[in-house]
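A closer look at the structure
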Amino acid sequence: KKSHRRPLGRQGDKQGSRCDSCDTSADLQQRNRAKKQATMASKLDRLAAMARDGAKSTVAEATGANGQPKVILEHGSGALAEIYAHGATVTRYRSPGGREVLWTSSIAVFDGKKAIRGGIPVVFPFFGPNPDERVGTIAECPQHGFARTSRWSIADLSVTSEGGCKVVFQLQDSEATRGIWPFAFKLTYEVVLDEDSLATSLTITNSGEREMAPQCLLHTYLNVADSKQVMIFGLEESEYADKLTGKTEQEDMPAIQFRGETDRIYSGASRKACPLAVRPEGVRVDAHGALLEKDGTVTAEIAADVVIWNPHVNKAKAMGDFDDDGWTAMACVEPGIVASDRTDIAPGASLVLSQTIAPED
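Note that the structure is a prediction, hence the values are computed from the model and not measured.

This brings us to the side chain of S350. Of note, S350 is situated in strand β23 (residues 350-359). With relative accessibility at 8%, the residue S350 sits in the buried group. In this structure the side chain of S350 is engaged in a polar contact, spanning 2.8 Å, whose partner is the side chain of T205. Sequence-distant contacts of S350, defined by excluding residues within four places in its chain, comprise T203, I204, T205, A290, L291, L292 and I345.

What follows is the structure in structure tokens.
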């Protein structure tokens, strides 16, 4: 069995086999360095232009649908994100060019009770309708755990020194959570909006006195023009569990396409260490995990699993908060740590799951 835990080592050895886009040949490395330098120079030029034009990044608390509290991050470039305190759910990400990168159902429920359908729901402490034995729940809980239906508090709301917009949400165990999952924890969820990307990072800290092994996942709904035309690159040769057939397979196609209902968990231990590319939309999703000691020292990098999901016709119609034809406009690419061989979190230690979504406008 392959382990999700990666020992620290050379930069190129952090996550197993490499894909063509991660080629380490001298020529490609030189081209990549030149590209990064050009990108950085261009970004600095744009930041300077924003300063000259008086364009500023802003962060603010606001009132959303049905009076629900939310945070609005607006970058000086024109990029925008909205995050609800309910579930710490990112419901909107607009690129500087005006493109809506995330999909949220037009009939999503904003009542402070039900999980918000779409955007980026935070899944914790388990994934799916039934937690496995390692999670250790002691009572029934709604699908995907309680984090996405809990009210999170705002710990920080600020503009970074580089002009990025940041909000940090927190959620801690309570009598109600311990009645379902008997562990002490602290969740810290950071959302950073930059000119060219949206980064979300979930830190799970074990504040109790015994090891725990929760599952976690960022249930990202990407907005697409036509799901039937979508191709997702970066998972070739990865092992996956097909939740519809119950079988474990190896991906033999260079790109995943939706030919019907799709619900697969791709093993992080088997996938290549490169960002996922969603075409023809032109979106890159880069996901990482890490295990931290109490002092913040990284002890291991964790290869994130990836769930690929689309409900297709029948399941979309069966969900009351999902547009009947919504399946044609979304593709879920969900980084997580959900496999049965996931790492334990020792007392005082933390597990970090992060993703960066970068549209190619």
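By the element assignment, F110 lies in the loop between β5 (89-94) and β6 (122-123). Separated by 45 residues in the primary sequence, F110 and A65 have C-alpha atoms spaced 6.2 Å apart. Not counting the four nearest positions on each side in its chain, F110 is found in contact with A65, N66, Q68, Y84, T91 and I116.

Another point: the packing of aromatic side chains. Describing an aromatic ring pair means giving the distance of the ring centres and the angle of the ring planes. Within the structure shown, the criterion is met by 13 aromatic pairs. Ring geometry for W181 against F183: centres 4.7 Å apart, planes inclined by 40 degrees, an arrangement best described as tilted. Three or more aromatic residues joined by ring pairs form one cluster here, namely F124, F146, W181, F183 and F185. Directly above the aromatic system of F183 lies the positively charged group of R210, at a separation of 4.2 Å from the ring centroid.

So, about the pattern of salt bridges. In this structure the tally under the stated criterion is 13 salt bridges. Among the salt bridges present, the one from D173 reaches R178, with a minimum N-O distance of 2.5 Å. Residue R264 is joined to E251 by a salt bridge in which the shortest nitrogen-to-oxygen separation is 3.0 Å. Of the two residues, R264 sits in strand β17 (residues 262-266) while E251 sits in the loop between β15 (248-250) and β16 (255-256), which places them 13 residues apart along the sequence. One salt-bridge network, in which partners are shared between bridges, spans K70, E82, R92 and E100.

The pairing of strand β2 (residues 58-63) with strand β3 (residues 69-74) spans six bridges and is classified as antiparallel. Its bridge partner lying in β3, V59 is registered against L73. In this antiparallel pair of consecutive strands, β2 and β3, the connection spans five residues, and N66 shows a positive phi of 55 degrees.

Once that is clear, we can look at the sheet that holds β3. Pairing is antiparallel across the open sheet formed by four strands, whose spatial order is β2-β3-β4-β5. Either end of the sheet is taken by a strand with one partner, and the two such strands are β2 and β5. This sheet shows a mean twist of 20 degrees between the axes of neighbouring strands, independent of strand direction. Relative to strand β4 (residues 80-84), β3 runs antiparallel, the two sharing five bridges. Note that in β4 the partner of E74 across the bridge is L80.

A separate point is the side chain of K70. By secondary structure assignment, the location of K70 is in strand β3. Within polar-contact distance, the side chain of K70 engages the side chain of E82 at 3.0 Å. In contact with K70, not counting residues within four places along its chain, are A60, E61, A62, T63, G64, E82, I83, Y84 and A85.

Quick look at the environment of R271 now. Tracing the chain through its elements places R271 in the loop between β17 and β18 (276-279). Of the residues examined, R271 reaches a relative accessible area of 3% and is grouped as buried. With 31 residues separating them along the chain, R271 and Y240 place their C-alpha atoms 9.5 Å apart.

Ranked by size, the top nonpolar core spans 66 residues in total, and within it W152 and Y189 carry the most contacts. Here this core gets five residues from one element, more than from any other, and that element is strand β9 (residues 185-193). The residues contacting Y189, other than those within four sequence positions of it, are A88, V90, I120, V122, W152, V167, V168, F169, T200, S201, L202 and L218. In terms of nonpolar packing, the next biggest core, distinct from the first, is built from 15 residues, W103, I265, F322 and W327 among them.

Moving on, we come to unusual backbone geometry. Keep in mind that most residues, glycine aside, have a negative phi and that most peptide bonds are trans. Geometrically, the link from F124 to P125 is a cis peptide bond, its omega value of 5 degrees lying close to zero. By the element assignment, P125 lies in the loop between β6 and β7 (153-159). Looking along the chain, the bond that leaves R279 and enters P280 is cis, with omega of 5 degrees. Locating P280 in the fold gives a position in the loop between β18 and β19 (283-292). Backbone geometry places A88, a non-glycine residue, at a positive phi of 50 degrees. Examined against the element boundaries, A88 turns out to sit in the loop between β4 and β5. Owing to a relative accessible area of 0%, A88 belongs among the buried residues under this scheme. Here H312, not a glycine, exhibits a phi torsion of approximately 60 degrees, which is positive. Along the chain, the position of H312 falls in helix α3 (residues 312-318).

Criteria and cut-off values
- Along each chain, residue indices are assigned from 1 in the same order as the chain's sequence is written.
- It should be noted that, the model being predicted, local features are given only for residues of pLDDT at least 70 and side-chain atom pairs only at 80 or more, the latter also being counted only at that level, while totals for whole chains, interfaces and linings use all residues.
- Excluded from the side-chain calculations are hydrogens and water; all other atoms, namely the structure's heavy atoms, are used.
- Runs of H or I in DSSP of at least four residues are treated as helices and runs of E of at least two as strands, each being numbered from the N terminus.
- Note on exposure labels: buried denotes an accessible area under 20% of the residue type's maximum, exposed denotes more than 50%, and partly exposed covers the range between, all computed with a 1.4 Å probe on protein chains only.
- Whenever a nitrogen or oxygen atom comes within 3.5 Å of another N or O atom, the pair is scored as a polar contact, on the condition that within protein one atom can donate a hydrogen and the other can accept it, and that pairs from neighbouring residues in sequence are kept only if both atoms are in side chains.
- We call two residues in contact whenever any of their non-hydrogen atoms come within 4.5 Å of each other.
- Only rings of Phe, Tyr and Trp enter the pairing, Trp through its six-membered ring, and a pair is recorded when the two centres are within 6.5 Å. The plane angle decides the type: under 30 degrees is stacked, over 60 is edge-to-face, the rest tilted.
- Throughout this description, the term charge over a ring refers to an Arg CZ or Lys NZ atom that lies within 6 Å of the ring centre and within 35 degrees of the ring normal.
- Just to be clear on terms, a salt bridge is a Lys or Arg side-chain nitrogen sitting within 4 Å of an Asp or Glu carboxyl oxygen.
- Strand pairing follows a simple DSSP-based rule, namely that at least 2 bridges must link the two strands.
- The axes used here are C-alpha line fits, helices contributing only the stretch in contact, and every angle between their N-to-C directions lies in the interval 0 to 180 degrees.
- Residues enter a nonpolar core if they are buried and are Ala, Val, Leu, Ile, Met, Phe, Trp, Tyr or Cys, with the set joined through side-chain atoms within 4.5 Å.

In short, the description is geometric, and any link to function would need to be established separately.
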